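# Close look at the chain arrangement
Below are the chains, spelled out letter by letter.
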Amino acid sequence: MPNLEAKKAIVAEIAEKMKNAQGAVVVDYRGLNVAEVTELRSKAREQGVEYKVYKNAMMRFAAQEAGLEGLLPSLTGPNAIAFCESDAVATAKLMADFAKDHEKLEIKAGVVEGKVIDAAGVGQLAKMPSRDELVAMTLRGLNAPIAGLVNVLNGTIKGLVVALGQIADQKREEAA
């Protein structure tokens, strides 16, 4: 039965993506036209997010295989799933932002580092800073004390130069 083997391979592929993804979001795309879906796919690619439509039966088997049984209730109707292996927040932000602009896109559930969350949890996750933003904030925090030290040392050196300049002026006046 080659058809059964092909389906098993697809289920294994979906399960592997679910296991490896830092973040995943299940959405109901019903009501979106072709141009909107194309726009969503394009934005997903730009952000390193994979957006796919699979049959619900295959997604259910894959969710069970990945140990994500909490996704099963949300796998009804026309669904798509977005995966991101590098940033859990990126997927949630992408889908939440797109859903704001396109009311027909409904967020159903999500997965963050192997834990199933509901639509409200995806919304909360979307409000968090992305990985890149967190790294930038951390680097700014680490850089602040160093910048302060440089300013203090620079001020001390500047004060020394001014004092030496005044002493030199004073010596010139005394010599004249």
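Residues numbered from 1 in each chain as written. Predicted model: local features only at pLDDT ≥ 70, side-chain atom pairs only at ≥ 80, totals over all residues. Heavy atoms only, no water.

Our next topic: the overall build of the protein chain. Secondary structure summary: the protein chain contains six helices and five strands in total. Going residue by residue from the N terminus, the α and β elements of the protein chain occur as α-β-α-β-α-β-α-β-β-α-α. In the protein chain, which comprises 176 residues, the proportion classed as buried is 33%. Contacts in the protein chain between residues at least 24 apart in sequence constitute 79% of all its contacts with a sequence separation of at least 6. Carbon and sulfur atoms make up 58% of the accessible area of the protein chain, which amounts to about 10,800 Å² in all. (Helix = DSSP H or I, 4+ residues; strand = E, 2+ residues; numbered from the N terminus. Buried < 20%, exposed > 50% of the residue type's maximum accessible area, 1.4 Å probe, protein only. Contact = heavy atoms within 4.5 Å. Areas by Shrake-Rupley, 256 points an atom, 1.4 Å probe, with all protein chains shown as cover.)

As a further point, take the environment of Ala168. Checked against the element boundaries, Ala168 lands in helix 6 (residues 131-175). Each C-alpha atom, one on Ala168 and one on Asn20, is 70 Å from the other, the two residues being 148 residues apart in sequence.

Another point: the packing of helix 4 (residues 88-101) against helix 5 (residues 119-127). Between helix 4 and helix 5, whose axes approach to 8 Å, the crossing angle comes to 105 degrees. Here helix 4 is positioned roughly perpendicular relative to helix 5, judged by the angle of their axes. For the pair formed by helix 4 and helix 5, the contact residues are Ala88, Val89, Ala92, Lys93 and Ala96 on the first element and Val122, Leu125 and Ala126 on the second. Its residues placed into classes, the contact of helix 4 with helix 5 shows seven nonpolar, no polar and one charged. (Axes fitted to C-alpha atoms, helices over the stretch in contact; angles between N-to-C directions. Parallel < 35°, antiparallel > 145°, perpendicular 65-115°, else oblique. Nonpolar A, V, L, I, M, F, W, Y, C, P; charged D, E, K, R; others polar.)

With that out of the way, let us pick up the nonpolar core. Val27, Tyr51, Met95, Leu105 and Ile107 are the most contacted members of the largest nonpolar core, which totals 26 residues. For this core, the elements supplying multiple residues, two or more each, are strand 1 (23-28), helix 2 (34-46), strand 3 (79-84), helix 4, strand 4 (106-112) and helix 5. Of all the elements, helix 4 adds the most residues to this core, at nine residues. Excluding anything up to four places from it in sequence, Met95 contacts Val25, Val27, Leu40, Tyr51, Ala82, Leu105 and Ile107. (Core = buried A, V, L, I, M, F, W, Y, C linked by side-chain atoms within 4.5 Å.)

Turning to the pairing of strand 1, a few remarks are in order. Buried residues dominate strand 1, accounting for six of its six residues. Residues Gly23, Val25 and Val27 line one face of strand 1 and the alternating positions Ala24, Val26 and Asp28 line the opposite face, and both faces are buried. Pairing analysis gives six bridges linking strand 1 to strand 4, with the strands arranged antiparallel. Its bridge partner lying in strand 4, Gly23 is registered against Val112. (Pairing = 2+ DSSP bridges.)

Below, the discussion takes up the packing of helix 2 against helix 4. Packing of helix 2 against helix 4 brings their axes to within 11 Å, and their N-to-C directions diverge by 150 degrees. Between helix 2 and helix 4, the interaxial angle falls into the category roughly antiparallel. In the packing of helix 2 onto helix 4, the handedness of the crossing is right-handed. Residues Glu36, Glu39, Leu40, Lys43 and Ala44 of helix 2 lie in contact with helix 4, whose contacting residues are Leu94, Met95 and Phe98. Looking at the contact of helix 2 with helix 4 residue by residue, the class counts come to five nonpolar, no polar and three charged. (Left-handed = near helix turned anticlockwise from the far one by under 90°.)

Structural measurements only, silent on function.
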